[in-house]
Amino acid sequence: MNNSRIISSNQQGVHDKLDTIVRRHLKSPFRRPFPDYSLRAFEQAQQVVAQHRGPLILDSFCGVGESTINIAKTHPEALVIGIDKSSHRLDKHRQHFPNNDVQNYYLLQADIDDFWRLAVADGWRLQQHFLLYPNPWPKAAQLKRRVHGSPLFPALIQLGGKIELRSNWPIYVEEFAQALSIAGFKATAHVYTPARSITPFERKYSESGQKLWYCQCQLD
Ligand SMILES: C[S@@+](CC[C@H](N)C(=O)[O-])C[C@H]1O[C@@H](n2cnc3c(N)ncnc32)[C@H](O)[C@@H]1O
């Protein structure tokens, strides 16, 4: 049995600044310049996408890429790009999944903070976008590090598609759903029990008996 600890936070519900911060970010574009390594990573992705003539799915924060391979198997018509900034995690992919014959996925080391904005600027439109167990940043002071509290949130929306966020911290999912509602979309948080875990973190939390939460939203 796994024994993963339940997230503890000094926040007891949706952050009281969420509304103000999301509205501010929706009004003002995030203009941080792109470092060279991000531009190079994006060029790599562009080359892979250019060779594919079908729907595109992103698996952001993919870790070791277990979810990427699982999503690719269930969406054979799509190209699934898994993105993570940790080479350590990505390097474990081959070790975990040697000689697999799934062809329609690609793992890329890149920083989401730049990648989403570069993809928007390049006109990408996604069929689906998975955000599975992003770091929760549970301290109240860390709201701006969460996807929905960050200046990146408008880029996430502009990428479009059916979005799915999962977390073991209900407040993260509630805030995410609320941020989407502020942006004009219909979204709510739900509890769920996966029939089969598709990521290592999902497995770890499930085996520890933790409740899991998700939010799905059609962005188009
Ligand atoms: C909690 S792990 C979840 C990994 C995987 N989705 C899973 O469920 O097993 C969060 C992942 O997000 C990645 N990450 C955090 N910030 C990132 C960023 N700005 N760009 C890309 N990856 C990032 C980390 O390297 C880590 O692998």
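Refer to the structure above for everything that follows.
About the thresholds
Residues numbered from 1 in each chain as written. Predicted model: local features only at pLDDT ≥ 70, side-chain atom pairs only at ≥ 80, totals over all residues. Helix = DSSP H or I, 4+ residues; strand = E, 2+ residues; numbered from the N terminus. Rg over C-alpha atoms; globule rule 2.2 N^0.38 Å. Buried ≥ 20, exposed ≤ 12 C-beta atoms within 10 Å, placed from the backbone. Contact = placed C-beta atoms within 7 Å. Pairing = 2+ DSSP bridges. Axes fitted to C-alpha atoms, helices over the stretch in contact; angles between N-to-C directions. Core = buried A, V, L, I, M, F, W, Y, C linked by C-beta atoms within 7 Å. Parallel < 35°, antiparallel > 145°, perpendicular 65-115°, else oblique. Left-handed = near helix turned anticlockwise from the far one by under 90°. Right-handed = clockwise from strand over helix to strand, strands pointing away. Near = placed C-beta within 6 Å. Nonpolar A, V, L, I, M, F, W, Y, C, P; charged D, E, K, R; others polar. Expected span 1.5 Å × (residues − 1). Arc of directions from axis to C-beta.

> Run through the overall build of the protein chain, naming residues and quoting values.
Helices and strands together make up the secondary structure of the protein chain, namely eight helices and seven strands. The C-alpha radius of gyration of the protein chain comes to 17 Å, within 12% of the 17 Å expected for a compact globule of 220 residues. In terms of principal-axis extent, the alpha carbons of the protein chain reach across some 45 × 45 × 30 Å. Scored against the burial criterion, the 220 residues of the protein chain give a buried share of 40%. Counted over contacts in the protein chain with a minimum sequence separation of 6, partners at least 24 positions apart contribute 77%.

> Give a description of the sheet that holds strand β7 (residues 212-218) that names residues and reports values.
Taken together, the seven strands give an open sheet; going across it, the order is β3-β2-β1-β4-β5-β7-β6, and neighbouring strands pair in mixed fashion. Each edge of the sheet is formed by a strand with only one pairing partner; in this case those strands are β3 (105-109) and β6 (190-192). Between one strand axis and the next, the sheet turns through 20° on average, direction left out of account. Two strands pair when backbone bridges link them, and strand β5 (residues 162-167) and β7 are joined in this way by six bridges, in the antiparallel orientation. Across the sheet, the residue bridging to E164 is Q216, located in β7.

> So, the nonpolar core: which residues are in play, and what are the values?
I83, F115, W116 and F176 are the most contacted members of the largest nonpolar core, which has 56 residues in total. In terms of residue count, the dominant contributor to this core is helix α7 (residues 170-182) (seven residues). Beyond its immediate chain neighbours, meaning those up to four positions away, F176 contacts V147, H148, L165 and C215.

> Pulling in residues and values, what's your account of the packing of helix α2 (residues 36-50) against helix α5 (residues 112-121)?
Where α2 meets α5, the axes come as close as 10 Å, and the angle between the chain directions of the two elements is 55°. On the basis of the axis angle, α2 is oblique to α5. Along this stretch, α2 crosses α5, giving a crossing that reads as right-handed. For the pair α2 and α5, the contacting residues are S38, A41 and F42 in the first and D114, F115 and L118 in the second.

> I'd like a rundown of the pairing of β5, residues and numbers included.
Relative to β5, strand β4 (residues 128-132) runs parallel, the two sharing five bridges. Considered in β5, the bridge of H129 is made with I163. At this point the chain moves from β4, through helix α6 (residues 153-159), to the parallel β5, and the crossover so formed is right-handed.

> Requested: an account of the site of the ligand, with residues and values cited.
In the vicinity of the ligand, 20 residues are found, and the nearest of them are F61, G63, K85, T199 and F201. Residues that form the shell around the ligand fall into these classes: nine nonpolar, five polar and six charged.

> Mind laying out α2, listing which residues take part and the relevant values?
With 15 residues, α2 ought to run about 21 Å at 1.5 Å a step, and its terminal C-alpha atoms sit 21 Å apart, in line with that. Among the residues making up α2, those that are buried are A41, F42 and A45. End-on, the buried residues of α2 take up no more than an arc of 100°, which puts them together on one face. Among the exposed residues of α2, those pointing more than 90 degrees away from its buried face are D36, L39, R40, E43, Q47 and A50.

> Provide a residue-level description of α5, including the pertinent values.
Residues separated by three or four positions in an α-helix point in the same direction, a consequence of the helix having 3.6 residues per turn. Taken as a whole, α5 has its buried residues at I112, D114, F115, W116, R117 and A119. Just beyond α5, the residue with positive phi is G123, at close to 85°.

> Kindly report on the environment of N3, identifying the contributing residues and their values.
Relative to the helices and strands, N3 resides in the segment before α1 (18-27). By C-beta crowding, N3 is classed as exposed, having 8 other C-beta atoms within 10 Å. With 32 residues separating them along the chain, N3 and P35 place their C-alpha atoms 39 Å apart.

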